[in-house]
Amino acid sequence: MRGQSLKRRSVLGFAAGFMAIAIGGEVALAADKINVGALRFTSHSASFVAFEREYFKNNNLDVTFKFFQAAQPMAVAIASGDVHVGVTAISGGLINLAKKGAIKVVGGALHEEKGIDGQMILVSKKAYDAGVTSPDKLKGRTYGITQAGSSFHYMAHKIAQKEGFPGSEIKVKPLQKVGAIIGALKSGQIDAWSIVPHIAKALSKGPAVVSIGKITDYIPDYQVTTVFTSAKNASQNRDLVKRFLAAFSKGAADFNAALVDKTAGAEEAEKMVKLIHKYVYTSRPYAKAAPSIRNGAMRINKNAALNVTNVRDQLQWFQSEGLVGKDVTIDMLVDKSFVRTY
Amino acid sequence: MPKTPTSQSKSANAETVAFRGGGFAPRPIGLVGAMVFVFLIAFWEWGSRVGWISQLVLPAPSEAFAAFQELVVSGLLWKHVSASVTRLVTGWISGTVLGLLVGLSIGLFSLARAGLVPLVSAMFPIPKIAMLPLFIIWFGIGEGSKVATILFGTFFPTIITVYGGVDNVDRNLIRMGQSFGLTWFSIVRKIIIPGALPAILSGARISASIAIILLVAAEMIGAEFGIGAYILLAGSLMATDQLIAGVALLSMLGLTVGWLIGKAEKYFLNWRA
Amino acid sequence: MDLRLEGISHNYGSLKVLEGINLAIEHGKILCVVGPSGCGKSTLLRLIGGLERPSAGQVMQIGEAPSDSLNPLTYIFQDFALLPWRTVAGNVNLVLEDQKLSRQRRKDILENVLERTKLSDFADALPRQLSGGMKQRVAIARALAVSPAVFLMDEPLSALDSQTRELLIEDLVDLWTREPFTAVYVTHNLAEAVRLGHSVAVFSRRPGQIRQVVKIGTPLADRKVTDPELIDRQDYLWRLMKDEALAADLELSDA
């Protein structure tokens, strides 16, 4: 008898555990303590600035950063309620989570803008010597991506589309990690790749990699990353989301002025780089980190405005590749009520 | 009143000695294993149907099965399975053959033992996944690095079981062989290898499981098809129904391999009681 | 072919196991070696057959081995040493496979030895299917197959129960009577020694030395369990050994 009740209890406990995850262990905390998901990339600077300059605090938010190695686990953490707000690229996983009613995109963050250094198209020296000197020659070539349905995959296909050949003519190679792609590109095992400017510039300085184009020529106004939160927050905790976006926008404005438009002066730029260095490239000395941080500065949307046109394009691409269901609508993915959309 | 034998015993103050020798003897009970499976899956399906297990947390078995059917209908199942099985078989066979050779040399030659055992001990615990970036450089992003991952994963455990098996061959049998003037080669071929075979085969069971575990890691690198690649893609798309279908596919692969090795044991070790 | 042991001494590290052994092994006779446990009698057997090298002294072979002998010095082991993965026939064949013999000759030898050991019907059985006595008969068949000049038997019946042992003693007597062979027969069982030995060498405890070589004149075929002369001989051997055995039993074994 005792054994039986014990068994039953553990079954119940097991189930309760499931329920907790299912409902989302997200009890509104008194002082609006929130966890913000971030990657240690320059593109996440708006959050870092808002934290360091107390814009979050001024908006009555007690923010704790949760750092992730990749976008994918961050999306899952938001769905599970462990993290409240995150900033990352739109991926197949993110869309599927949105379809399941777990998360919503509420604002824009990093985006490509003509005239500002954006993501670059790189080829290995081997491929370059073999004649791949411009993106239109990528037909039939291999292209490094992390996973099917990642932003790299999208970019590869947009290049193909604009150059007028089918996406399948670029042979994408899923290599899981950025490090692995870099290794494969340097050793000439893949022909091409596209990546954010600070990594691209550093690579193309070396002998093994050549830059042959810019992504902004292929995807103008590419909405690279977005701000997203759980669907529950977006519908029931609107005030909290708004306050986050306000603080985030203020941080973004400072960042743009200091490093993108460079209108705030050299001193402010220096300060900004120092601030960011607290979070990014922390293992490198400042003198080495600073150029990478400056190189990585891309526009973060003013007032977290969101380029829905491009997001819709991304969604359609995912659907055309069969990576997400055809039944996903833009409204399942995006809650347009928080920021200006275009 | 005639007394019954029992009452007679009672009156003589005698009792049956209590039996206390039960238990601790596992016996086969048919179908229970299958029933546990069926019950768990039914419970899981029921939980999903009534909304008790959220779709986000765990997709219903029926959804996973639908994903599996989709694989069958689209014809992709065969592509994934054949790609994976090819990698498994080439990686596992080459790892096992190399492991056999090295393990035998360690078992037979003191010099090889002195030189290689520390090396094997040092290299065995290195997670092959950690070596992936180097494997890409060494073996390329084609089949090379995938096969290499599985090869290295099976190579080291095979070495260890093989030389352990050789060490455990009855020394008296070897003395016997020498006393009858058998050649060195005959002793190795007819006494040592068959004597080590039980250990080698149980090692094969383990290394085959390791190979399946490593399949997902191996297919992280530039794989378009393969069960591991399918699972990885499902994971990155949060397509949990496909994820479960892929994992179930791996389980089935494991069951098949286990069954095959069981057959091999029955065939080769029929001399055992 | 005779064998002669000349001044054999042997030690494992600082432990002396045998000292100054001189012994003649005569053609066509069975020499039994008895002694308390740990007296080095099994070691002596390994030295005779060349599986170990003596620390001092030598084993001499006098005269040529018969030309048809494939393996002049052949062991029969206490634990039978059969390959469990080979059938009865396979185990016998094992020792013939490395010899240069025609297929027919091999087959003839196999049939002959199986017949002599009454195993013809069990040629395809695996060792695990056989009783202990049968296993030892397979080992004897295997030894016979290489027609040895000298059998080196290391407690061949010790792992068997007493009824089986009795049967096998009769088998061995039978084999010898039909075709006398030379053997060194190591045992701790005095009854076996007096049944099978033409002479019995009694060893002292460690380091093993020969205390006495006792001759037994009765022909092998005539020896019976109840024979008063044999009982007398056995008793005599026991008195020679008793004190040694008692002392050996009290020794700490950290050899």
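### Considering the overall build of chain B
Okay, so step 1: Within chain B, the secondary structure is distributed over 11 helices and zero strands.
Okay, so step 2: For chain B, the α and β elements follow one another from N to C terminus as α-α-α-α-α-α-α-α-α-α-α.
Okay, so step 3: Relative to the 2.2 N^0.38 estimate, which gives 19 Å for 273 residues, the radius of gyration of chain B is 27 Å and therefore markedly larger than a compact globule would have.
Okay, so step 4: Along the three orthogonal principal directions, the C-alpha set of chain B runs to about 95 × 75 × 30 Å.
Okay, so step 5: A separation threshold of at least 6 residues defines the contact pool for chain B, and within that pool the share at least 24 residues apart is 69%.
Okay, so step 6: By element, 71% of the accessible surface of chain B is carried by carbon and sulfur atoms, the whole surface being about 15200 Å².
Okay, so step 7: With 18 positive and 11 negative side-chain charges, chain B shows a separation of 16 Å between the mean positions of the two kinds.

### Looking at the packing of helix α7 (residues 151–163) of chain A against helix α14 (residues 308–320) of chain A
Residues and elements named next belong to chain A.
Okay, so step 1: Where α7 meets α14, the axes come as close as 11 Å, and the angle between the chain directions of the two elements is 95°. In terms of orientation, α7 lies roughly perpendicular with respect to α14. Across the interface between the two elements, H153, Y154, H157 and K158 of α7 pack against N310, D313, Q314 and W317 of α14.

### Here we look at the packing of aromatic side chains
Okay, so step 1: Under the definition given, this model contains 29 aromatic pairs over all chains.
Okay, so step 2: An angle of 35° between the planes, with centres 6.0 Å apart, marks the rings of B:F43 and B:W46 as tilted. Here B:F43 and its partner B:W46 are both found in helix α2 (residues 32–49), three residues apart, which amounts to about one turn of the helix.
Okay, so step 3: On the basis of relative accessible area, B:W46 is assigned to the partly exposed category, the value being 49%.
Okay, so step 4: Within the aromatic cluster, the residues linked to one another by ring pairs are A:F48, A:F51, A:F65, A:F67 and A:Y279.
Okay, so step 5: Directly above the ring of A:Y218 sits A:K162, whose terminal nitrogen or CZ lies 5.4 Å from the centroid.

### Some points on the confidence of the model for chain C
Okay, so step 1: In the predicted model, chain C carries a mean pLDDT of 87, and the fraction of residues at 70 or more is 98%.
Okay, so step 2: Within chain C, helix α2 (residues 88–97) of chain C carries the highest mean pLDDT (92), whereas helix α7 (residues 228–250) of chain C carries the lowest (82).

### Notes on the sheet that holds strand β3 (residues 85–89) of chain A
All names here are of chain A.
Okay, so step 1: Spatially, five strands are ordered β2-β1-β3-β10-β4 in an open sheet, and the strand pairing comes out mixed. At either margin of the open sheet sits one strand with a lone partner, and together these are β2 (62–68) and β4 (103–108). Neighbour to neighbour, the strand axes of the sheet diverge by 30° on average, direction disregarded.
Okay, so step 2: Bridge count between β3 and strand β10 (residues 225–230): five bridges; the pairing is antiparallel. By the bridge assignment for β10, T88 is matched with T226.
Okay, so step 3: Of the strands in this sheet, β1 (33–39), β3, β4 and β10 are in contact with helix α11 (residues 238–260), which crosses β10 at around 155°.

### Topic: the interface of chain A and chain B
Okay, so step 1: Contact with chain A, which involves 27 residues of that partner, is made by 23 residues of chain B.
Okay, so step 2: On the surface where chain A and chain B come into contact, there are zero salt bridges.
Okay, so step 3: The tally of links from chain A across to chain B stands at seven residue pairs in polar contact (both at pLDDT 80 or more).
Okay, so step 4: Within the residue set of the side of chain A that touches chain B, elements represented by two or more residues are α1 (2–23), α4 (71–80), α5 (92–99), β7 (171–174) and α8 (178–186) of chain A.
Okay, so step 5: Here the element with the most residues in the side of chain A that touches chain B is α1(A); it accounts for five residues.
Okay, so step 6: Partitioning the side of chain A that touches chain B into residue classes produces 16 nonpolar, nine polar and two charged.

### So, the side chain of C:R137
All names here are of chain C.
Okay, so step 1: Looking at the secondary structure, you find R137 in helix α4 (residues 132–145).
Okay, so step 2: Despite its burial, R137 remains without a salt bridge, the nearest opposite charge being carried by D171 at 4.0 Å.
Okay, so step 3: Separated by 3.1 Å, the side chain of R137 and the backbone oxygen of T117 make a polar contact.
Okay, so step 4: The residues contacting R137, other than those within four sequence positions of it, are T117, K118, L119, L168 and D171.

### Things to note about the sheet that holds strand β6 (residues 150–154) of chain C
All names here are of chain C.
Okay, so step 1: The mixed open sheet is built from six strands, whose spatial order is β5-β6-β7-β3-β8-β9. Of all the strands in the sheet, just β5 (73–76) and β9 (210–215) have a single pairing partner and so form its edges. Each strand axis lies, on average, 20° off the axis of its neighbour in the sheet, ignoring direction.
Okay, so step 2: Here α4 sits on the sheet in contact with β5 and β6, set at roughly 175° to β5.

### Quick word on empty space enclosed by the protein
Residues and elements named next belong to chain C.
Okay, so step 1: Scanning the entire structure with this criterion turns up one cavity of 30 Å³ or more.
Okay, so step 2: Elements that contribute at least two residues to the lining of the largest cavity include exactly α4 and α5 (162–178).
Okay, so step 3: Grouping the amino acids of the lining of the largest cavity by side-chain chemistry returns three nonpolar, one polar and three charged.
Okay, so step 4: Looking at which domains feed residues into the lining of the largest cavity, each of domain 1 (1–65 + 151–250) and domain 2 (68–148) supplies at least three.

### Notes on the arrangement of the chains
Okay, so step 1: By contact count, the dominant pairing among the two pairs of chains in contact is that of chains A and B.
Okay, so step 2: Separated throughout, chain A and chain C approach each other most closely at a C-alpha pair spaced 44 Å apart.

Cut-offs applied
- Residues numbered from 1 in each chain as written.
- Chains lettered and ligands numbered in written order.
- Predicted model: local features only at pLDDT ≥ 70, side-chain atom pairs only at ≥ 80, totals over all residues.
- Heavy atoms only, no water.
- Helix = DSSP H or I, 4+ residues; strand = E, 2+ residues; numbered from the N terminus.
- Rg over C-alpha atoms; globule rule 2.2 N^0.38 Å.
- Contact = heavy atoms within 4.5 Å.
- Areas by Shrake-Rupley, 256 points an atom, 1.4 Å probe, with all protein chains shown as cover.
- Lys, Arg positive; Asp, Glu negative; His and termini not counted.
- Charge placed at Lys NZ, Arg CZ, Asp CG, Glu CD.
- Axes fitted to C-alpha atoms, helices over the stretch in contact; angles between N-to-C directions.
- Parallel < 35°, antiparallel > 145°, perpendicular 65-115°, else oblique.
- Phe/Tyr/Trp six-rings, centres within 6.5 Å; stacked < 30°, edge-to-face > 60°.
- Buried < 20%, exposed > 50% of the residue type's maximum accessible area, 1.4 Å probe, protein only.
- Lys NZ or Arg CZ within 6 Å of the ring centre and 35° of its normal.
- pLDDT = per-residue confidence, 0-100.
- Pairing = 2+ DSSP bridges.
- Salt bridge = Lys/Arg side-chain N within 4 Å of Asp/Glu carboxyl O.
- Polar contact = N/O pair within 3.5 Å; in protein donor to acceptor, adjacent residues only side chain to side chain.
- Nonpolar A, V, L, I, M, F, W, Y, C, P; charged D, E, K, R; others polar.
- 1 Å grid on protein atoms, 1.4 Å probe; cavity = no way out; pocket = protein on both sides within 12 Å on 5 of 7 lines; lining within 4 Å.
- Points joined across faces, edges and corners; volume = space filled by probe spheres on them.
- Domains from an automatic or database assignment.

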